[in-house]
Each structure stands twice: as structure tokens, then as C-alpha cells.
Amino acid sequence: MSKSGGEFMQCPKCRATMQSLVVDEVEIERCEGCGGLWFDMLEEELLKQHAEQIDIGDPQVGRQQNSNDRIDCPRCKSGQPLIRMVDAAQPHIWFESCTVCYGRFYDAGEFKDFAEFNLSDWLKRLRAQPRPD
């Protein structure tokens, strides 16, 4: 069962079912299709140390999904559009966020990248391209 009242959430990117996953007593959703991840407000910060276990989707599929970024919040269920965001510390990471429930959607591979900041990420920061409008 998921937090959305007993029904399973639908992926805002590929429309596949998102399955609930509980890690350290925190429930998140992972897409069975594209491997994208939904985190309710601040859950991504609580689970960074588990990124390898959580973000098991194919990063290449995630990169392909980046262009599909005009999506609605899967939690709010009211057609609430997610806003396109860029991580300030790692501007090569593009994710979507809800302005109502503050949830976040990461494409496959993005959460693993978000959770780790090393020399490679610092170099990527220098070469990051702006997110297209």
C-alpha cells in the first residue's frame, strides 16, 4: 500500500505503477517502468546514505526521461504541475518538485548522483549547461 490512501501512485513520467519502498522507516515510491523516484518533503535528505540501495534504475533511461519534464504531481492528484529544478550544488542534476506538497521526482540515476558529491561532481559543476526552458 502507498501513502496516497491505499492506491498505488502512477509515475508522472512514464505512467507505470510506482511501488512503495520502506527504507529506515521512510516510505518512498519507485517506478516499475523507468526507475524514477518520488520523495515526499525532505525524505531525499534522510535517505542519501541509502542511495545505492534505492536508486537501482538505469541512468541511461533516466537521461532519456529528462526531456519529459512538463509533468504533474503524482501525490497531489489535482493536476498540480511540478516545477523544473536544478540542484544548486550540482547543477547537472535536474529534478522536478511540487510547490504544494514539496515532493521531488528524480529520474533513474539522479538520486544516486545527488547523494554523492566528489571531485567529478565539482568538475561537472563547472561544465553544467543551463536547463532549457
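Just so it is clear, the model here is predicted, and its values are computed rather than measured. (Residues numbered from 1 in each chain as written. Predicted model: local features only at pLDDT ≥ 70, side-chain atom pairs only at ≥ 80, totals over all residues. Heavy atoms only, no water.)

Caption draft 1: Broad picture of the nonpolar core. Core analysis: the largest hydrophobic core is formed by 14 residues, its most contacted members being I28, L37, F39, L47, I54, Y106 and F111. At the level of secondary structure, the elements contributing two or more residues to this core comprise β2 (17-23), β3 (26-31), β4 (37-39), α2 (51-54) and α4 (110-115). What L47 contacts, discounting residues up to four positions off in sequence, is V23, D24, V26, I28, F39, I54 and F111. The next biggest cluster of nonpolar side chains, apart from the first, holds eleven residues, and it includes M9, M18, C34 and C73. (Core = buried A, V, L, I, M, F, W, Y, C linked by side-chain atoms within 4.5 Å. Buried < 20%, exposed > 50% of the residue type's maximum accessible area, 1.4 Å probe, protein only. Helix = DSSP H or I, 4+ residues; strand = E, 2+ residues; numbered from the N terminus. Contact = heavy atoms within 4.5 Å.)

Caption draft 2: Here's a closer look at a nonpolar patch on the surface. Taken together, M41, L42 and Y102 make up a surface patch of nonpolar side chains, about 350 Å² in accessible area. Of note, Y102 is situated in the loop between β6 (94-97) and β7 (104-106). (Patch = residues over 30% accessible without salt bridge, like charges linked within 9 Å, V, L, I, M, F, W, Y side chains within 5 Å. Areas by Shrake-Rupley, 256 points an atom, 1.4 Å probe, with all protein chains shown as cover. Salt bridge = Lys/Arg side-chain N within 4 Å of Asp/Glu carboxyl O.)

Caption draft 3: Spatial organisation of the packing of aromatic side chains. A full pass over the atoms with the stated rule returns six aromatic pairs. A centroid spacing of 5.2 Å and a plane angle of 25° characterise the contact between F95 and Y106, whose relative ring orientation is stacked. Of this pair, F95 sits in strand β6 while Y106 sits in strand β7, and the two are eleven residues apart along the sequence. Each member of the pair, F95 as well as Y106, is classed as buried. Through a chain of ring-to-ring contacts, three or more aromatic side chains come together here, namely F39, F95, Y106, F111 and F114. When the ring centre of F114 is taken as reference, the NZ or CZ atom of K48 above it lies at 4.6 Å. (Phe/Tyr/Trp six-rings, centres within 6.5 Å; stacked < 30°, edge-to-face > 60°. Lys NZ or Arg CZ within 6 Å of the ring centre and 35° of its normal.)

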